[in-house]
Amino acid sequence: MIANAEIKIEKIAHSRVNEYDVNNVPFGKCFSDHMFIAEYSDGKWGNATIMPYQNVPMSYAMSALHYGQAIFEGMKAYKNADGEVNIFRPIENFKRINKSAIRMAMPEIPEEIFMGGLTELLKLDSAWIPTSDSGSLYIRPFLIATDEAIGVKASETYKFIIITCPAGKYYSEPIKVLIETNFFRAVEGGVGFVKAAGNYGRSLYPTKLAQQKGYQQVIWTDGKTHSYLEESGTMNLMFVLDNTVVTPALSDTILAGITRNSVLALAKDWGMNVEERKISITEIIEAHAKGTLKEAFGVGTAATIAQIIVIGYEGKDYALPPVEGRQFSNKIDDTLRNIRKGKTADKFNWMYPVK
Ligand code: COI
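The rules we used
Residues numbered from 1 in each chain as written. Predicted model: local features only at pLDDT ≥ 70, side-chain atom pairs only at ≥ 80, totals over all residues. Heavy atoms only, no water. Helix = DSSP H or I, 4+ residues; strand = E, 2+ residues; numbered from the N terminus. Rg over C-alpha atoms; globule rule 2.2 N^0.38 Å. Buried < 20%, exposed > 50% of the residue type's maximum accessible area, 1.4 Å probe, protein only. Contact = heavy atoms within 4.5 Å. Areas by Shrake-Rupley, 256 points an atom, 1.4 Å probe, with all protein chains shown as cover. Lys, Arg positive; Asp, Glu negative; His and termini not counted. Charge placed at Lys NZ, Arg CZ, Asp CG, Glu CD. Polar contact = N/O pair within 3.5 Å; in protein donor to acceptor, adjacent residues only side chain to side chain. Salt bridge = Lys/Arg side-chain N within 4 Å of Asp/Glu carboxyl O. Disulfide = S-S within 2.5 Å. Phe/Tyr/Trp six-rings, centres within 6.5 Å; stacked < 30°, edge-to-face > 60°. Lys NZ or Arg CZ within 6 Å of the ring centre and 35° of its normal. Near = heavy atom within 4 Å. Nonpolar A, V, L, I, M, F, W, Y, C, P; charged D, E, K, R; others polar. Domains from an automatic or database assignment. Pairing = 2+ DSSP bridges.

Topic: the overall build of the protein
(1) Moving on: Across its full length, the protein carries eight helices and 18 strands.
(2) Moving on: Taken over C-alpha atoms, the radius of gyration comes to 21 Å for the protein, in line with the 20 Å a tight globule of 355 residues would show.
(3) Moving on: Across its three principal directions, the C-alpha atoms of the protein cover 60 × 50 × 35 Å.
(4) Moving on: Going through the 355 residues of the protein one by one, you find that 53% of them count as buried.
(5) Moving on: Contacts in the protein between residues far apart in sequence, at least 24 positions, make up 70% of those at least 6 positions apart.
(6) Moving on: Summing over all exposed atoms, the protein offers an accessible surface of approximately 16200 Å²; the carbon and sulfur share of this is 50%.
(7) Moving on: Side chains of the protein give 39 positive and 40 negative charges; the mean places of these two sets differ by 2 Å.

Things to note about the side chain of Ser155
(1) Moving on: Note that Ser155 resides in the loop between strand 7 (136-145) and strand 8 (158-167).
(2) Moving on: Ser155 sits in the buried class, given a relative accessible area of 7%.
(3) Moving on: A polar atom in the side chain of Ser155 sits 3.5 Å from the backbone nitrogen of Thr146.
(4) Moving on: Look past the residues within four positions of Ser155 in its chain and what remains in contact with it is Ser63, Gln69, Ala145, Thr146 and Asp147.

Section: the pattern of salt bridges
Close approach of charged atoms allows side chains with opposite charge to pair.
(1) Moving on: Inspection of every chain in the model, using the stated rule, returns 18 salt bridges.
(2) Moving on: Here Lys8 makes a salt bridge to Glu10, at a shortest N to O gap of 3.4 Å.
(3) Moving on: Judged by relative accessible area, Lys8 falls into the exposed class, the value being 51%.
(4) Moving on: With relative accessibility at 32%, the residue Glu10 sits in the partly exposed group.
(5) Moving on: Between Glu231 and Arg185 there is a salt bridge, and its shortest N-O distance comes to 3.4 Å. One end of the pair, Glu231, is in strand 11 (residues 229-232); the other, Arg185, is in the loop between strand 9 (175-179) and helix 4 (197-201), and 46 residues separate them in sequence. Here Glu231 and Arg185 have matching classes, each one buried.
(6) Moving on: If you follow the salt bridges from partner to partner, you end up with Asp147, Lys153 and Glu156 in one network.

Observations concerning the state of the cysteines
(1) Moving on: Under the counting rule described, the total for this entry stands at zero disulfides.
(2) Moving on: Lacking any disulfide linkage, Cys30 is separated from the closest cysteine sulfur, that of Cys165, by 7.3 Å.

Re the packing of aromatic side chains
(1) Moving on: Under the definition given, this model contains 16 aromatic pairs.
(2) Moving on: Look at Tyr40 and Tyr158: their rings are 5.9 Å apart centre to centre, the planes differ by 65°, and that puts the pair in the edge-to-face class. Remark: Tyr158 occurs in strand 8 and Tyr40 occurs in strand 2 (residues 34-41); sequence separation between them is 118 residues.
(3) Moving on: Overall, the relative accessible area of 17% leaves Tyr40 in the buried class.
(4) Moving on: Aromatic ring contacts, followed pair by pair, group Phe27, Tyr138, Tyr170 and Tyr171 into a single cluster.
(5) Moving on: The side chain of Arg340 reaches across the aromatic face of Phe88, ending 4.3 Å from its centre.
(6) Moving on: Here Lys347 stacks its cationic end above the ring of Phe348, 5.9 Å away from the centre of that ring.

A closer look at unusual backbone geometry
(1) Moving on: Here Asp42, not a glycine, exhibits a phi torsion of approximately 50°, which is positive.
(2) Moving on: Among the secondary structure elements, Asp42 is positioned in the loop between strand 2 and strand 3 (44-52).
(3) Moving on: Notably, Arg89 is not glycine yet its phi reads approximately 50°, a positive angle.
(4) Moving on: In this structure, Arg89 sits in the loop between strand 6 (85-88) and helix 2 (90-103).

Focus: the site of the ligand
(1) Moving on: The full set of residues close to the ligand is Phe72, Gly74, Tyr138, Arg140, Tyr170, Lys195, Tyr200, Thr234, Thr301 and Ala302.
(2) Moving on: Take Arg140: an N or O atom from its side chain is 3.4 Å from an oxygen atom of the ligand.
(3) Moving on: The contact in question runs from an oxygen atom of the ligand to an N or O atom on the backbone of Thr301, over 3.4 Å.
(4) Moving on: Partitioned by chemical class, the residues of the shell around the ligand number five nonpolar, three polar and two charged.
(5) Moving on: In this structure, the shell around the ligand is formed jointly by two domains, domain 1 (4-167) and domain 2 (175-340), each of which donates at least three residues.

Focus: the pairing of strand 10 (residues 217-221)
One face of the sheet, then the other: side chains in a regular strand alternate in exactly this way.
(1) Moving on: Of all five residues making up strand 10, five are buried, and the element is well covered by its neighbours.
(2) Moving on: Burial along strand 10 is two-sided: the residues Gln217, Ile219 and Thr221 and Val218 and Trp220 are all buried.
(3) Moving on: As paired strands, strand 9 and strand 10 are joined by three bridges and run parallel to one another. Along strand 10, the bridge assignment pairs Ile179 with Ile219.
(4) Moving on: Note: strand 10 against strand 11, two bridges, orientation antiparallel. Opposite Thr221, over in strand 11, you have Leu229 as the bridge partner.

This is the structure:
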C-alpha cells in the first residue's frame, strides 16, 4: 500500500459537509471536500495528491474529449453502527479498471495508487458518508487521456482521479424497461465489457426514445440478432424463472458487474439454482405467459437492486408480479445492505476496512 508520505495532502480550510444533509441529497450532484489525482507521464505514475475538490485546468484539445480514452469505475463506502468505514469489494474495481485500461490502450494503474489514494481520501472525507439505511458514499475513480493534441493516437499522458459523493437510491421506484431491438450497445470484439465513457454516451439516444414512451431504461439485446438479452442501461440483469436465478452469461459485450457477482455468490450460498447463460426475448415472453417469470431486476453499484415491474417489447407491456412478493431479490437487497452496514456477518470478506 502506498505510504501516507507518498501522497501529498492539501486539506480544505473549512469543510463544506455541514452545508448538506448527506442522508438526503440527489444522486451524483454534491461532491465531498477532497479529491485524489495521480498523473502519468514519461511512462510512469507520480504526483499523487489529495486536494480540495475543485475544477482543474485542462486544454480543450485534451485527447479524452476527442478520441474517447476515458474509463471509470463506481463503488461505494459505508459506515457501520460503530462509525467504522468499509468499502464494498474495491479490489474488484481496481482489477476491472485495469482490464478496461488495457483494452483502451491506457496505462494500468498501480495498486498502491488506486488503493492508497482511495483509503487516504476516505479517511479525510468520512464525515460525508451517509448513515441512513440506503445511504452510502458513491466513489467515482476515473482515468482520462490528457495529451494536448489533435490526431487519433493513444495519449502519452493521463490523469487518474477519484471523486466521491454521498448517495441514496439511484432509482427511487421500481422501473419500467423497454427491450431495445433497433440499436445495440456492444458487439463481439468491441468494448462492451469495458467501463468506457463512450459506452454510456452511445446509450443516451435510445434511452431518450424509451423515456419518451414512458420507460426509465432499455434492455439491450445482442448486436447481431437482437434476440438475446444483454444488460440494462446502468446495470446487469437478473430473472427468477420458477426457482432458478438466471442471468446473461458474461462475454465481451457485457460488463462484469461486481454486484452481479455478489448476488450470484449469495444465491449459490443459499443453495439456489443459478444459471449464467443466453436468455432469449422469446424465453422471457413465454415464461411471462406461463407464469414462471417470478422476478426481474437490475443489479449494479449505483442501482443496487432495481426492481423491474414492466417489460416493454414490440408495443406491448408485460407486467411483472408485485415487488412485495419477490422473495429472492428482496432477500438479496436486505442481505447486501446488512453486510455493507456491518449488521450481518461478512462471510465472503467483501468489506474492505478503511483504517
Ligand atoms: C455504477 O453503477 O456505478 C455505474 O457506474 C452506473 C452508472 C451510474 C453510470
